[in-house]
Amino acid sequence: DWAASQVTMANTGNADDAINKTSIVSTKLKAIYKDNILPAEKRYRYDFFYESPHLTDVEFDAKPQVMLVGQYSVGKTSFIRYMLGRDFPGARIGPEPTTDRFTCLINGPDERTIPGNALSVHPDLPFRGLERFGVSFLSRFEGSQLPSSVL
C-alpha cells in the first residue's frame with residue numbers, strides 16, 4: 001500500500017507540475033502579446049484590415065479544439081458519440097445527410113443547444129472571431145452543451 005501511495009503521489013506531482021508549467025507559459029504568452037504584438041496590431045489597425053478582433057484572455061485560456069471534416073455518413077457523429085460515451089443535444093444520425101451545420105461541443109452543467117449567433121457574442125467562449133463570417137454562417141453554426149469530462 002505504501003508503494004502504491006508513493007506512485008500516486010508521484011503521478012499527481014507530475015500532473016501538477018505540467019499544469020503549473022502550462023500556466024506559466026500561457027501567462028508569458030499573454031504578456032508578450034499584450035506588451036509587444038497588440039500595440040503593433042492597434043497601430044497598424046490589424047483588426048480593421050483583416051477583420052479579425054484583437055485576442056482576449058478567453059482565446060488564450062481556451063482549451064484546444066478539434067475539427068472533424070468528412071463526407072456525409074462516414075461516422076463523424078458516431079465517433080463523437082463513442083468518445084463521449086453518450087448522445088449529445090442536436091445529434092442526428094441517418095442514412096442520408098442529416099447534419100447540415102457546424103456543431104461545437106461545449107462542457108457545461110446542463111444539456112442544451114446554443115445558436116451560433118449567441119456563441120459568437122458570449123464573453124466567456126472563444127468564438128467571437130466568427131462574427132465576421134456573417135449571419136449565413138452563424139445560422140449554420142450551433143453549440144451543443146452537455147456535462148462531460150472529455151470536453
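Owing to the predicted nature of the structure, the values given are computational and were not obtained by experimental measurement. Counting of residues starts from 1 at the beginning of each chain's written sequence and follows it residue by residue. Only residues with pLDDT of 70 or above have their local features reported here, since the model is predicted, and side-chain atom pairs are shown and tallied only from 80 upward, although totals for entire chains, interfaces and linings are computed over all residues. Excluding hydrogens and water, the side-chain figures rest on all heavy atoms present in the structure.

Colleague: An account of the overall build of the protein chain is requested, with residue identities and associated values reported.
Modeller: Going along the chain from the N terminus, every DSSP run of H or I of four or more residues is numbered as a helix, and every run of E of two or more is numbered as a strand. Along the protein chain, the regular secondary structure elements total 6 helices and 3 strands. Ordering the α and β elements of the protein chain from the N terminus gives α-α-α-α-β-β-α-α-β. Categorising residues by exposure relies on relative accessible area from a 1.4 Å probe, with only protein chains included: less than 20% of the type maximum marks a residue as buried, more than 50% marks it as exposed, and the intermediate range marks it as partly exposed. Burial status across the protein chain gives 19% buried among its 151 residues. Long-range contacts, defined here as pairs at least 24 residues apart, represent 62% of the contacts in the protein chain between residues at least 6 apart. All accessibility values rest on the Shrake-Rupley procedure with a 1.4 Å probe; residue burial counts only the protein chains present in the view. Total accessible area computed for the protein chain in this model is approximately 11000 Å², and 58% of it derives from carbon and sulfur atoms. Note on definitions: a residue-residue contact is assigned when non-hydrogen atoms from the two residues lie within 4.5 Å.

Colleague: Which residues make up the side chain of E142, and what values do they have?
Modeller: With respect to the helices, strands and loops of the structure, E142 is situated in strand β3 (residues 141-146). Look past the residues within four positions of E142 in its chain and what remains in contact with it is G90, R92, R101, F102, T103, C104, T113, I114, P115, G116 and L119.

Colleague: Break down the packing of aromatic side chains for me, with residues and values.
Modeller: Here the aromatic set is Phe, Tyr and Trp, taking the six-membered ring for Trp, and pairing holds for ring centres within 6.5 Å; pairs whose planes are under 30 degrees apart are stacked, those over 60 apart are edge-to-face, and all others are tilted. A full pass over the atoms with the stated rule returns 5 aromatic pairs. Sitting over the face of the ring of F48, R45 holds its NZ or CZ atom 4.5 Å from the ring centroid. Two conditions define a charge sitting above a ring: the NZ of Lys or the CZ of Arg must be within 6 Å of the ring centre, and it must be within 35 degrees of the ring normal.

Colleague: Hey, could you go over the side chain of S148 for me, with residue numbers and the actual values?
Modeller: Following the sequence through the fold, S148 ends up in the segment after β3. In this structure S148 comes out as buried when scored by relative accessible area, which is 12%. Among the polar contacts made by the side chain of S148, one reaches the main-chain amide nitrogen of V150 at a distance of 3.2 Å. Dropping the residues within four chain positions of it, S148 is found in contact with L84 and N107. Two N or O atoms form a polar contact when they lie within 3.5 Å of each other; inside protein one atom must be a possible hydrogen donor and the other a possible acceptor, and for residues adjacent in sequence the pair counts only when both atoms belong to side chains.

Colleague: Could you give an account of the nonpolar core, naming the residues involved and the relevant values?
Modeller: Counting residues in each nonpolar core, the largest one holds 9 residues, listed as C104, I106, I114, L119, L125, F127, L130, L138 and F141. Among residues more than four places away in sequence, those in contact with L125 are V58, I106 and L119. Take the buried Ala, Val, Leu, Ile, Met, Phe, Trp, Tyr and Cys residues and link them wherever side-chain atoms come within 4.5 Å; each set so joined is a nonpolar core.

Colleague: How would you summarise the environment of P147 if you had to cite specific residues and measurements?
Modeller: Within the secondary structure, P147 is located in the segment after β3. It is 7.0 Å that separates the C-alpha atoms of P147 and E111, two residues lying 36 residues apart in sequence.

Colleague: Go over the pairing of β3 with me, naming the residues and quoting the values.
Modeller: For β3, a buried count of 6 out of 6 residues is recorded, marking the element as mostly surrounded by other parts of the structure. Here β3 shows two buried faces, one formed by F141, G143 and Q145 and the other by E142, S144 and L146. Relative to β3, strand β1 (residues 102-107) runs parallel, the two sharing 6 bridges. Its bridge partner being in β3, T103 is matched across the sheet by E142. Strand pairing requires that DSSP identify at least two bridges connecting the strands. In this structure, strand β2 (residues 112-115) lies alongside β3, joined through 4 bridges in antiparallel fashion. Of the residues in β3, the one forming a bridge with T113 is S144.

Shape descriptors only; they carry no functional weight alone.
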